[in-house]
Amino acid sequence: MGSIMLCHKKKAREPFEIARIQRRIYTIEELCYYLCNHLYLIDHTIMNQQLCEWIRDELELVDLAECLKNKLQENVSKEQFVMTILSASAIYSAGELNQMQDILKKFKNQKPVERQKYKADNLLQNNSVKAAIAIYQTILRDEKDDSVDGKFYGKVYGCLGAAYGRLFLYKEAAK
């Protein structure tokens, strides 16, 4: 039998906009969904005072907003910040929260270049092609990381070519 998800009844009048992937968030549940499904895109564009103020003013979750502001001042990790939001939403079971925490730990243990590629892959998947291209180019321009296998950089070139292809820039894709 299925389960019922009790949602917070407050919907924002003004959405929280995530420009990178052209998303507008109206509820705490949408925010949690975004966080869970776009873990590699979480950075200062999301972990900021603006999000805290939006949570306080639009969703009227004052305690959560204050807690998040304190975490920002303490300079906590991205994992702690995300888990605070997910835990406060009350839409995830303890098992689901543990699963998310394990995924976040796994991401934390990846090499920076692998995290960059995965971030670019997610941007490409969400049709933020130019942003993905910029990250792929950065990976290829930076000093090579010998701790990843040679196939890794081949995959980056392949993804970069695919991204150029999406923009119909076939000469760049061929290079």
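Source: prediction; values computed, not measured.

Reading the values: rules and limits
Residues numbered from 1 in each chain as written. Predicted model: local features only at pLDDT ≥ 70, side-chain atom pairs only at ≥ 80, totals over all residues. Heavy atoms only, no water. Core = buried A, V, L, I, M, F, W, Y, C linked by side-chain atoms within 4.5 Å. Buried < 20%, exposed > 50% of the residue type's maximum accessible area, 1.4 Å probe, protein only. Contact = heavy atoms within 4.5 Å. Axes fitted to C-alpha atoms, helices over the stretch in contact; angles between N-to-C directions. Helix = DSSP H or I, 4+ residues; strand = E, 2+ residues; numbered from the N terminus. Parallel < 35°, antiparallel > 145°, perpendicular 65-115°, else oblique. Nonpolar A, V, L, I, M, F, W, Y, C, P; charged D, E, K, R; others polar. Left-handed = near helix turned anticlockwise from the far one by under 90°. Expected span 1.5 Å × (residues − 1). Arc of directions from axis to C-beta. Phe/Tyr/Trp six-rings, centres within 6.5 Å; stacked < 30°, edge-to-face > 60°. Lys NZ or Arg CZ within 6 Å of the ring centre and 35° of its normal. Disulfide = S-S within 2.5 Å.

Visitor: What is the right way to read the nonpolar core from this model?
Guide: When a protein is soluble and globular, its nonpolar side chains tend to lie buried together. Counting residues in hydrophobic clusters, the biggest one holds 55 residues, and the most contacted among them are Leu51 and Ile85. Beyond its immediate stretch of four places on either side in the chain, Leu51 contacts Phe16, Leu31, Ile46, Phe81 and Ile85.

Visitor: Quick question: what am I supposed to make of the packing of helix α3 (residues 62–73) against helix α4 (residues 78–89) here?
Guide: Think of two packed helices as two axes; the pair is described by the angle between the axes and how far apart they sit. Direction vectors running N to C along α3 and α4 enclose 170°, while the axes themselves pass 10 Å from each other. Judged by the inter-axis angle, α3 sits roughly antiparallel to α4. Counting all contacts with α3, which are made through Leu64, Cys67, Leu68, Lys71 and Leu72, the residues of α4 involved are Gln80, Phe81, Thr84, Ile85 and Ala88. Counted by class, the contact of α3 with α4 contains 7 nonpolar, 2 polar and 1 charged residues.

Visitor: Before we go on, may I ask you to explain the environment of Leu41 in this structure?
Guide: Within the element layout of this structure, Leu41 appears in the loop between α1 (28–37) and α2 (49–57). Exposure remark for Leu41: the relative accessible area of 0% places this residue in the buried category. Setting aside chain neighbours within four positions, we find Leu41 in contact with Arg20, Ile21, Tyr34, Ile46, Lys119, Asn122, Leu123 and Asn126.

Visitor: Can you walk me through the packing of α4 against helix α5 (residues 94–108) in this structure?
Guide: Relative orientation of the contacting elements α4 and α5 amounts to 165°, with a least axis distance of 10 Å. For the element pair α4 / α5, the angle class is roughly antiparallel. For the element pair α4 and α5, the recorded crossing hand is right-handed. In this structure, α4 contributes Glu79, Val82, Met83, Leu86 and Ser87 to the contact, and α5 contributes Leu97, Met100, Gln101, Leu104 and Lys108.

Visitor: What am I meant to see in α5 here?
Guide: Each full turn of the α-helix corresponds to 3.6 residues, which orients residues three or four apart in the same direction. The end-to-end C-alpha distance of α5, which contains 15 residues, comes to 21 Å, matching closely the 21 Å that a straight helix rising 1.5 Å per residue would cover. Listing the buried residues of α5 in full gives Leu97, Met100, Leu104 and Phe107. Looking down the long axis of α5, one finds its buried residues gathered within 80° of arc, a one-sided arrangement. Within α5, the exposed residues directed more than 90 degrees away from the buried face are Ala94, Gln99 and Lys106.

Visitor: Any chance you could explain the packing of aromatic side chains here in plain terms?
Guide: Here a ring pair, both rings aromatic, is described through the centre-centre distance and the interplanar angle of the planes. Taken as a whole and judged by the stated rule, the model has 3 aromatic pairs. Each ring, one from Phe16 and one from Trp54, has its centre 5.7 Å from the other, and the planes form 45°; the classification is tilted. Taken together, the residues span a long stretch of sequence, with Phe16 in strand β1 (residues 16–18) and Trp54 in helix α2 at a distance of 38 residues. Like Trp54, Phe16 is buried. Lying across the ring of Tyr153, Lys144 places its NZ or CZ 4.7 Å from the centre.

Visitor: Looking at this structure, how should I read the state of the cysteines?
Guide: Two cysteines joined by a covalent bond between their sulfur atoms form a disulfide. Inspection of the entire model under this criterion finds 0 disulfides. Its sulfur unpaired, Cys52 is 9.2 Å from the next cysteine sulfur, which belongs to Cys67. Given a relative accessible area of 0%, Cys52 falls into the buried group.

That is the geometry; function is a separate question.
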